[in-house]
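Below are the chains, spelled out letter by letter.
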Amino acid sequence: MEKTRLVSGVRPTGLLHIGHLEGMLKNTASLQDKYECYPFIADWHALTDVTDTSHLPEYTLQVAIDWLSAGIDPEKSTLFVQSHVPEHAELSTLLTMVTPVSWLERCPTYKDKIQDLDQREGPSTGLLEYPVLMTADVIIYKAEVVPVGGDQVPHLEISREIVRRFNHLFGKVFPEPQPLLTEIAALPGLDGRKMSKSYNNTIDLADPPETAQKKVMQMVTDPARVRRTDPGNPDVCPVFAYHNVYNPDEVPQIDRDCRSAAIGCVDCKRNLSQKLITTLTPFYEKRAEWASKPDRVREVLADGQSRAEKVAQETMADVRSAMNLA
Ligand code: TRP
Ligand code: SF4
């Protein structure tokens, strides 16, 4: 029996951090046996944010290394770069013909984005069409499952509407893709805000382990805990949130010892930094290995391209025939 297909994209707008690893990357890797997986690097989607493209080749390579180090097995899964499979763009163009502008203008991520745009010209057409291209990314493989964080759910809502409309007009070509809500590991940034490159509060996957350890020691803690003898409140402490992910066994103990001031923050962080390194060591080892062989990574991407292309071309043949473009 053929496996259900799954598509999972990451935008190479910069280096990825441990939040990406504990969320999307590991999650997709864990689904490789259950689904036929198409993890990819959404470099066209990165262009909705980035106009200086000089770092794009490097970030694309780094994200590929991260996918592989997180456990994506190139034998099982098709790892590729979006722009290497131009059929995504062809399908996206055709989908725009059945997608009302109003659906896209209503999209919450679009509305948020245009709020903080400073360009005089306003949003690009590409930004408006972001969900259309994303739809093409998924349905060109006739995928039914898309692991995403909550922020991407509105995009897939639009994807399903586009699919329904397309199938209604031209006959049933595509299945409706469903989001597989990914439990995004609750890892705040080092300063307690959302972990984000723009806040400069990330632990990057490319950071050497020593750097990751140093960053843990610099994390903010419960701001009300000033003296060592002050009791702490783990509920407001980002270090505690990390213990939940990297040191779950000791969480009840740390909770008690923090509230009673039996442990100090420095010891608490030292403990965390050790657990974090222990947990991430297999990842770091694989990453060092892949990073030392960029040509091998490029080979994996080239192989992924040819496998993805084959499926994409079959779908486009169906699409052209359904739309009488054949
Ligand atoms: N929009 C996704 C994000 O920012 C990236 C993405 C592009 C994607 N195309 C996709 C994710 C297709 C899943 C499927 O995270
Ligand atoms: Fe946070 Fe640990 Fe300090 Fe408590 S002891 S405030 S959990 S760092």
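For every chain, the first residue of the written sequence is number 1, and numbering continues from 1 onward in sequence order. Chains and ligands are labelled sequentially in the order written, the chains with letters from A and the ligands with numbers from 1. This being a predicted model, a pLDDT of at least 70 is required before a residue's local features are given, and a value of 80 or more before pairs of side-chain atoms are given or counted; all residues contribute to the totals for chains, interfaces and linings. Each side-chain value is worked out from all heavy atoms of the structure, with water and hydrogens disregarded.

## Topic: the packing of helix α4 (residues 87-96) against helix α14 (residues 294-322)
Then step 1. In this analysis an axis means a line fitted to C-alpha atoms, helices contributing only their contacting stretch, and an angle means the value between N-to-C directions, from 0 to 180 degrees. A run of H or I in DSSP becomes a helix once it reaches four residues, and a run of E becomes a strand once it reaches two; helices and strands are each numbered from the N terminus. Running from N to C, α4 and α14 cross one another at 25°; their axes reach a closest spacing of 10 Å. On the basis of their axis angle, the class for α4 and α14 is roughly parallel. As α4 packs across α14, the resulting crossing turns out to be left-handed. Residue-level contacts link E87, E90, L91 and L94 of α4 to E309, A312, Q313, M316, V319 and R320 of α14. By the definition adopted for this analysis, an angle is roughly parallel if under 35 degrees, roughly antiparallel if over 145, roughly perpendicular if from 65 to 115, and oblique otherwise. A clockwise turn of the near helix away from the far one marks a right-handed crossing, whereas an anticlockwise turn of less than a right angle marks a left-handed crossing. Should any heavy atoms of two residues lie within 4.5 Å, those residues are counted as being in contact.

## With respect to the domain arrangement of the chain
Note on interface size: it is often stated as the accessible area lost on association of the parts.
Then step 1. Segmentation of the chain into domains returns domain 1 (5-187 + 294-322) and domain 2 (207-288).
Then step 2. Annotation comment: domain bounds sourced from an automatic or database domain assignment. Using only C-alpha atoms to locate each centre, domain 1 and domain 2 end up separated by 34 Å.
Then step 3. Of the residues lining the interface, 13 residues belong to domain 1; the matching set on domain 2 comes to nine residues.
Then step 4. For any pair of parts, buried area is found by adding up, for both, the accessible area (1.4 Å probe) each one loses once the two are put together. At the boundary of domain 1 with domain 2, total buried surface from both sides reaches about 940 Å², with 62% on carbon and sulfur atoms.
Then step 5. Counting the surface domain 1 buries against domain 2, the share from its top three residues, I18, S69 and L187, is 46%.
Then step 6. Linking R287 and D66 is a salt bridge whose minimum nitrogen-to-oxygen distance equals 2.7 Å.
Then step 7. Taken together, the elements giving at least two residues each to the side of domain 1 that touches domain 2 come down to α1 (18-30) and α3 (56-69).
Then step 8. Take the side of domain 1 that touches domain 2: its biggest share by element is five residues, from α3. We define a salt bridge as a contact between a side-chain nitrogen of Lys or Arg and a carboxyl oxygen of Asp or Glu at a distance within 4 Å.

## As for the site of ligand 2
Then step 1. If even one non-hydrogen atom of a residue comes within 4 Å of a molecule or strand, that residue is called near it. As a structural note, the neighbourhood of ligand 2 is formed by T221, D222, R225, C237, V239, F240, C258, C265 and C268.
Then step 2. Definitions used for this entry: grid spacing 1 Å over protein atoms alone; cavity, a set of points where a 1.4 Å probe fits but cannot get out; pocket, an open set with protein on both sides within 12 Å along at least 5 of 7 lines; lining residue, one with an atom within 4 Å of a point. Criterion for pocket placement: a molecule counts as inside a cavity or pocket if more than half of its atoms are within 2 Å of its grid points. Its atoms largely coinciding with the cavity grid, ligand 2 occupies the largest cavity.
Then step 3. The set of elements that each furnish at least two residues to the shell around ligand 2 consists of α11 (238-246) and α13 (265-291).
Then step 4. Class assignment for the residues of the shell around ligand 2 results in six nonpolar, one polar and two charged. Under the scheme applied here, ten amino acids are nonpolar (Ala, Val, Leu, Ile, Met, Phe, Trp, Tyr, Cys and Pro), four are charged (Asp, Glu, Lys and Arg), and all others, including Gly, are polar.

## Quick notes on the packing of aromatic side chains
Then step 1. Classification of ring pairs uses Phe, Tyr and Trp, with its six-membered ring standing for Trp, and accepts pairs whose centres are within 6.5 Å; under 30 degrees between planes counts as stacked, over 60 as edge-to-face, and the remaining range as tilted. Applying the stated criterion across every chain, the model contains six aromatic pairs.
Then step 2. With 5.2 Å between their ring centres and 10° between their planes, F40 and F80 make a pair best called stacked. In this pair, F40 sits in strand β2 (residues 36-41) while F80 sits in strand β3 (residues 80-81), placing the two residues 40 residues apart along the sequence. In terms of burial, F40 and F80 fall into one category: buried. Exposure classes here rest on a 1.4 Å probe applied to the protein chains alone. A residue is buried below 20% of its type maximum, exposed above 50%, and partly exposed in between.

## Regarding the layout of surface pockets
Then step 1. Estimates place the volume of the largest pocket at around 1,600 Å³.
Then step 2. Lining the largest pocket are 47 residues, and of these R11, H20, D151, Q152 and K194 lie nearest its centre.
Then step 3. Secondary-structure elements contributing two or more residues to the lining of the largest pocket are β1 (5-10), α1, α6 (108-115), α8 (130-139) and β4 (145-148).
Then step 4. It is α8 that provides the largest number of residues to the lining of the largest pocket, a total of five residues.
Then step 5. Lining the second largest pocket are 22 residues, and of these L47, T48, S124, G126 and L127 lie nearest its centre.
Then step 6. Elements supplying a minimum of two residues to the lining of the second largest pocket: α2 (43-46), α4, α7 (125-128) and α8.
Then step 7. Of the residues forming the lining of the second largest pocket, the biggest block, three residues, is contributed by α4.
Then step 8. Split into classes, the residues belonging to the lining of the second largest pocket amount to eight nonpolar, nine polar and five charged. Grid points are joined across faces, edges and corners, and a volume is the space filled by probe spheres set on the points.

## Concerning the pairing of strand β5 (residues 178-181)
Then step 1. Two strands qualify as a pair provided DSSP detects at least 2 bridges between them. Inspection of the sheet shows β4 paired to β5 by four bridges, in the parallel sense. Bridge pairing links V148 to L181 in β5.

## A closer look at the site of ligand 1
Then step 1. V7, G9, R11, F40, A42, H45, Y130, M134, D137, V138, V146 and Q152 make up every residue found near ligand 1.
Then step 2. In the model, a nitrogen atom of ligand 1 is placed 2.7 Å from a nitrogen or oxygen of the D137 side chain.
Then step 3. Accessibility throughout is a Shrake-Rupley quantity obtained with a 1.4 Å probe, and a residue counts as covered only by protein chains that appear here. Protein chains shield 89% of the accessible area of ligand 1, which is 360 Å² for the free molecule.
Then step 4. Mapping ligand 1 onto the cavity grids shows that it belongs to the largest pocket.
Then step 5. If you list the elements that add at least two residues to the shell around ligand 1, you get β1 and α8.
Then step 6. Per element, the largest residue contribution to the shell around ligand 1 is four residues, and it comes from α8.
Then step 7. When its residues are assigned to classes, the shell around ligand 1 shows seven nonpolar, three polar and two charged. We define a polar contact as two N or O atoms separated by no more than 3.5 Å, with the added condition that, inside protein, one atom must be a possible hydrogen donor and the other a possible acceptor, whereas residues neighbouring each other in sequence contribute only through side-chain atom pairs.

## As for empty space enclosed by the protein
Then step 1. Per the counting criterion, the structure on display carries one cavity of 30 Å³ or more.
Then step 2. In this structure, the largest cavity encloses a volume near 100 Å³.
Then step 3. Forming the walls of the largest cavity are T221, D222, R225, P234, C237, V239, F240, I254, C258, I263, C265 and C268.
Then step 4. Only α11, α12 (251-259) and α13 provide two or more residues apiece to the lining of the largest cavity.
Then step 5. Considered class by class, the residues forming the lining of the largest cavity number nine nonpolar, one polar and two charged.

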